[in-house]
Amino acid sequence: MSLAILGSAVVAVAIGYAVLYALWPRGVPLRPYRWLVRSLGVGVGLGLTAVGLFCWLLLFGVPGRALVAVELAVLALFGGWFAQRRRARAAGAVPKQVDDTPSPERPRIVALAFGVTLACAVAAFVGLSAAAPHGGWDAWMNWNLRARLIFRGGADWRAAFSPLLDWSHPDYPLLLQGSVVRTWVYHGRETLAGPASIAFLFTFATFALLTSAVAAFRGRAQGLLAGLVLLATPFFIFHGISQYGDVPVGFFFLATLVLAALHQRHGEHTGGFLVLAGLTTGLAAWTKNEGILFLAAFALSAVVTARRPGDARRLGGESRAFALGLLPMLAVVGLFKLRLAPPNDLMSALGSGEILHRVTDPGRYALVARSFVTGILGFGANGLVSGVWLLVAYGLCVGVRPGQAKMRWFRLAAGALVLMLVGHAAVFVTTADDVARLLNSSLERLLLQMWPATLFACFMVIATPGEASSPGAA
Amino acid sequence: MRITRVGAGVVLLCLYAAVSDARWSYRAARGWADSRHEDRISRDGDRFREIRRVLPAHGVVGYISGAQPDTFTTEDFRRFLLAEYALAPLILIHDTTPDLIVGNFPPDSVPSALPERGLRLVRDFGNGVWLVRRAQP
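On a predicted model such as this, the values are computed, not experimentally measured, just so you know.

Asker: How should the overall build of chain B be read in this particular structure?
Answerer: Looking only at helices and strands, chain B features 4 helices and 5 strands. Helices (α) and strands (β) of chain B occur, in sequence order from the N terminus, as α-α-α-β-α-β-β-β-β. Relative to the compact-globule value of 14 Å for 137 residues, chain B shows a C-alpha radius of gyration of 24 Å, a clear excess of over 25%. Along the first, second and third principal axes, the C-alpha atoms of chain B reach 90 × 30 × 30 Å.

Asker: How should the interface of chain A and chain B be read in this particular structure?
Answerer: In many reports, interface size means the accessible area that the parts give up when they come together. On the side of chain B, 42 residues touch chain A, which itself brings 58 residues to the contact. Taken over both partners, the interface formed by chain A and chain B buries close to 4400 Å², and the fraction arising from carbon and sulfur atoms is 76%. Summed over the shared surface of chain A and chain B, the result is 0 salt bridges. At the junction of chain A and chain B, the tally comes to 13 residue pairs in polar contact (both at pLDDT 80 or more). Contributions of two or more residues to the side of chain A that touches chain B are made by helix H4 (108–131), helix H5 (137–153), helix H8 (220–232), helix H9 (234–241), helix H17 (387–398) and helix H21 (465–469) of chain A. When residues of the side of chain A that touches chain B are assigned to their parent elements, the largest contribution, 14 residues, is made by H4 of chain A. Tallied by class, the residues present in the side of chain A that touches chain B amount to 43 nonpolar, 12 polar and 3 charged.

Asker: When you look at unusual backbone geometry in this model, what are you seeing that I'm missing?
Answerer: Cis geometry is found at the peptide bond from Ala88 of chain B to Pro89 of chain B, where omega equals 15°. Within the secondary structure, Pro89 of chain B sits in the loop between helix H4 (74–87) and strand S2 (91–93). The residue His169 of chain A is not glycine, and still its phi comes out positive at about 55°. By the secondary structure assignment, His169 of chain A is in the loop between H5 and helix H6 (175–187). Take His169 of chain A: its relative accessible area is 18%, and that puts it in the buried class. Although it is not a glycine, Asn127 of chain B adopts a positive phi angle of roughly 55°. Structurally, Asn127 of chain B is set in the loop between strand S4 (119–124) and strand S5 (129–134).

Asker: I'm lost on the pairing of strand S3 (residues 100–104) of chain B in this one. Help?
Answerer: One face of the sheet, then the other: side chains in a regular strand alternate in exactly this way. Residues and elements named next belong to chain B. Within S3, 5 of the 5 residues are buried, leaving the element largely enclosed by the surrounding structure. Alternating residues of S3 divide into Leu100, Val102 and Asn104 and Ile101 and Gly103, and every residue in both groups is buried. Here 3 bridges tie strand S1 (residues 60–64) to S3, and the two strands are oriented parallel to one another. Considered in S3, the bridge of Tyr63 is made with Val102. Inspection of the sheet shows S3 paired to S5 by 5 bridges, in the antiparallel sense. In the strand pairing of S5, Ile101 is matched with Val132.

Asker: Mind showing me how you'd approach the pattern of salt bridges here?
Answerer: Any two side chains of opposite charge can pair if their charged atoms end up close together. Considering all chains together, one arrives at 15 salt bridges over all chains under this definition. Measuring nitrogen to oxygen at the nearest pair gives 2.8 Å for the salt bridge that ties Arg408 of chain A to Glu318 of chain A. Of this pair, Arg408 of chain A sits in helix H19 (residues 408–431) while Glu318 of chain A is found in helix H13 (residues 309–339), placing the two residues 90 residues apart along the sequence. Neither Arg408 of chain A nor Glu318 of chain A differs from the other in exposure class; each is buried. With its nearest N and O atoms 2.8 Å apart, the salt bridge here joins Asp46 of chain B to Arg49 of chain B. Residue classification places Asp46 of chain B among the partly exposed residues on the basis of a relative accessible area of 30%. For Arg49 of chain B, a relative accessible area of 48% corresponds to the partly exposed category. Several salt bridges converge on common partners, so that one network encompasses Asp246, Lys288, Glu290 and Arg445 of chain A.

Asker: When you look at the domain arrangement of chain B in this model, what are you seeing that I'm missing?
Answerer: When the domains of chain B are assigned, the result is domain 1 (1–37) and domain 2 (40–134). Taking only C-alpha atoms, the centre of domain 1 of chain B and the centre of domain 2 of chain B are 45 Å apart.

Asker: Explain the side chain of Thr117 of chain A here, please?
Answerer: Examined against the element boundaries, Thr117 of chain A turns out to sit in helix H4. Given the relative accessible area of 1%, Thr117 of chain A is considered buried.

Asker: Please explain the confidence of the model for chain A as it appears in this structure.
Answerer: The predicted structure's coordinates, where accompanied by low pLDDT, should not be read in detail. Considering every residue of chain A, the mean pLDDT works out to 90; 93% of them sit at 70 or more. Counting contacts from residues 93–99 of chain A, a segment whose pLDDT is below 50, to residues more than four positions away or on other chains yields 6 contacts.

Asker: Looking at this structure, how should I read H17 of chain A?
Answerer: Along an α-helix, residues three or four positions apart point the same way, because every turn accommodates 3.6 residues. In this model H17 of chain A runs 16 Å from its N-terminal to its C-terminal C-alpha over 12 residues, within 8% of the 16 Å that 1.5 Å per residue would give. Of the residues making up H17 of chain A, those classed as buried are Gly387, Val388, Leu390, Leu391, Tyr394, Gly395, Cys397 and Val398 of chain A. Its buried side turned inward, H17 of chain A meets H8, helix H16 (362–378), helix H20 (435–461) and H21 of chain A together with helix H1 (5–34) of chain B. Downstream of H17 of chain A by one or two residues, Gly399 of chain A has phi in the positive range, about 80°.

Asker: It is not clear to me how the packing of helix H10 (residues 246–265) of chain A against helix H11 (residues 271–285) of chain A should be interpreted in this structure. Could you clarify?
Answerer: How two helices sit against one another is set out by the angle between their axes and by the gap between those axes. All names here are of chain A. Interhelical geometry of H10 versus H11 gives an angle of 165° and a closest axis separation of 8 Å. The pairing of H10 with H11 is recorded here as roughly antiparallel in orientation. Taken as a pair, H10 and H11 cross one another with a handedness that is left-handed. Together, Val249, Phe252, Phe253, Ala255, Thr256, Leu259, Leu262 and His263 of H10 and Phe273, Leu274, Leu276, Ala277, Thr280, Thr281, Leu283 and Ala284 of H11 make up the contact between the two elements.

Asker: I'm lost on helix H1 (residues 3–23) of chain A in this one. Help?
Answerer: With 21 residues, H1 of chain A extends 30 Å from end C-alpha to end C-alpha; this agrees with the ideal 30 Å at 1.5 Å per step. For H1 of chain A, the set of buried residues is Ile5, Ser8, Ala9, Val11, Ala12, Val13, Ile15, Gly16, Ala18, Val19 and Leu20 of chain A.

Asker: I would appreciate a short explanation of empty space enclosed by the protein in the present structure.
Answerer: By rolling a water-sized probe across the atoms, one finds the places where empty space is left. Residues and elements named next belong to chain A. Summed over the entire model, instances satisfying the criterion amount to 3 cavities of 30 Å³ or more. Computed from the structure, the largest cavity encloses a volume of approximately 80 Å³. Around the largest cavity, the lining comprises 14 residues; the ones closest to its centre are Leu176, Pro195, Ala199, Gln243 and Tyr244. Where the lining of the largest cavity is concerned, the elements lending two or more residues are H6, helix H7 (193–218), H9 and H10. Sort the elements by how many residues they give to the lining of the largest cavity and H7 lands first, with 5 residues. In terms of residue class, the lining of the largest cavity is made up of 9 nonpolar, 5 polar and no charged. Size it by volume and the second largest cavity reaches roughly 40 Å³. What lines the second largest cavity is simply Asp138, Trp143, Tyr172, Tyr244, Gly245, Asp246, Lys288 and Arg445.

Asker: I'm lost on the packing of aromatic side chains in this one. Help?
Answerer: The geometry of an aromatic ring pair comes down to the distance between the two centres and the angle between the two planes. Residues and elements named next belong to chain A. Per the stated rule, a full pass over the model turns up 39 aromatic pairs over all chains. With centroids separated by 5.5 Å and ring planes inclined at 40°, the aromatic side chains of Trp137 and Trp140 adopt a geometry described as tilted. One end of the pair is Trp137 and the other is Trp140, both in helix H5 and 3 residues apart, which spans about a single turn. For Trp140, a relative accessible area of 2% corresponds to the buried category. Ring geometry for Trp143 and Tyr172: centres 5.3 Å apart, planes at 40°, overall tilted. Placement of the pair is Trp143 in helix H5 and Tyr172 in the loop between H5 and H6, with a sequence separation of 29 residues.

The rules behind these values
Residues numbered from 1 in each chain as written. Chains lettered and ligands numbered in written order. Predicted model: local features only at pLDDT ≥ 70, side-chain atom pairs only at ≥ 80, totals over all residues. Heavy atoms only, no water. Helix = DSSP H or I, 4+ residues; strand = E, 2+ residues; numbered from the N terminus. Rg over C-alpha atoms; globule rule 2.2 N^0.38 Å. Contact = heavy atoms within 4.5 Å. Buried area = accessible area lost by both parts, 1.4 Å probe. Salt bridge = Lys/Arg side-chain N within 4 Å of Asp/Glu carboxyl O. Polar contact = N/O pair within 3.5 Å; in protein donor to acceptor, adjacent residues only side chain to side chain. Nonpolar A, V, L, I, M, F, W, Y, C, P; charged D, E, K, R; others polar. Buried < 20%, exposed > 50% of the residue type's maximum accessible area, 1.4 Å probe, protein only. Pairing = 2+ DSSP bridges. Domains from an automatic or database assignment. pLDDT = per-residue confidence, 0-100. Expected span 1.5 Å × (residues − 1). Axes fitted to C-alpha atoms, helices over the stretch in contact; angles between N-to-C directions. Parallel < 35°, antiparallel > 145°, perpendicular 65-115°, else oblique. Left-handed = near helix turned anticlockwise from the far one by under 90°. 1 Å grid on protein atoms, 1.4 Å probe; cavity = no way out; pocket = protein on both sides within 12 Å on 5 of 7 lines; lining within 4 Å. Points joined across faces, edges and corners; volume = space filled by probe spheres on them. Phe/Tyr/Trp six-rings, centres within 6.5 Å; stacked < 30°, edge-to-face > 60°.

Encoded structure:
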């Protein structure tokens, strides 16, 4: 990997941190969440710099080194602002910071297994990326092809979205392709290290975010166990290596749920977390079309789960904060969809008669239901057991904490994930010509997108080893 | 030694991880060994290096591979996609109506003549890559 590629990653991540620090609620201590913020900053930084690259394309065409200068200037501005803010804080009263991190409990066997699995996963990632540097089929026929079309296209970059390339999904949003182009701009020319580095960052940032978030909420041992299960899920690493968009979009699903949990944990004066949750939801929609489904599922779940007397009133304020982060990203997605992207291949082939024929065909429902049950129960199989059965078995061994399961953010998260499944099922039933083929090629990837968020929700409610071992444990 | 339920649960997770570790280690070793040879996509891209120099920088060019659209196999489609990936930002269409056409044949079964009438071979770049032009009427 060249220094330029490393530099592009460092600048993106630094911009991500800067935005997180700027929006982090003032009364909430950063120290217990430092690893969470670091991993969140990776995805937020890559996402925002990809948005920046798209805006640059619209305004000035394919960028050169001037983009690097502008990004560095943005970082310098953030730096100056932070320095000023720190001086102002030092002069005024320091707010009382409550460190309510769960006490550390780290059985040695878990730490050892975690370390070994991390080392093996990194080795496999690097080795397999070196053997197949262009990624999997979809990576080179879609994501990296689009990056090439834009980067090589020069003044004619809009041709990358030609309807003549309809087989390559030119309607897919541009976070991943934009990130790849950005690495090439830093490097000065194309390099296979660009897409591979983006894949590496998203894969291991997802793992780091899950581990650090669960650790911050439920203790280190629980965080290590959650990270261990994700890293040991074969499809997660293999898919990360393949340079597809499913791991990055899964990062943003997870980030949104983590931010919702942070908001609930720190009370009502933490609108900044919701602004960030809106931002990460918008970035999910800028990564893959499934992000739009996630937005709908998350919003619907927030409404449905606001059933206590105070919830509905609070929901108004929360929605405003969420929209503040979301709307700029939605504007970018809307601009892309309306001005550049041709219609989606699944949606454009739809006619009302055809939809009616499909939704009244019980065979399609049966096929989709059967595939979902088989796919979910078998997800994450590694030759020993599936990841889902593993979670069930582990949950039976240690029990759950009913108090956690009753929390509003958990109902919101569980509702959003279930609604996502329902939404995917509806898409399969109504839009696919050959539903069996589409299920075969995409169901496992869709489940993978939701897997880190599902693990987060599960390890938040499953008892920690310490809780389960203590007398009177659930 | 007494194994508690909690201990059994943790051991189960660690066993799951250990099986994956074995897979990662094997795959990592295979990956490193395979990375000593150029991958298929890079090799395929190299076949188009020369023809890229004579094709226009932008625009739409035709594509011919000997396979008819109704008998297009997954492998034919893959070869078409790899040609597009190599020749981007040119847009390839599986059609012989454009003035310039890229011929992409498997190197071990290159035809002796153009498989379609009304076309003229401009240059054979070797390895099954041809530049073809529509013949003037």
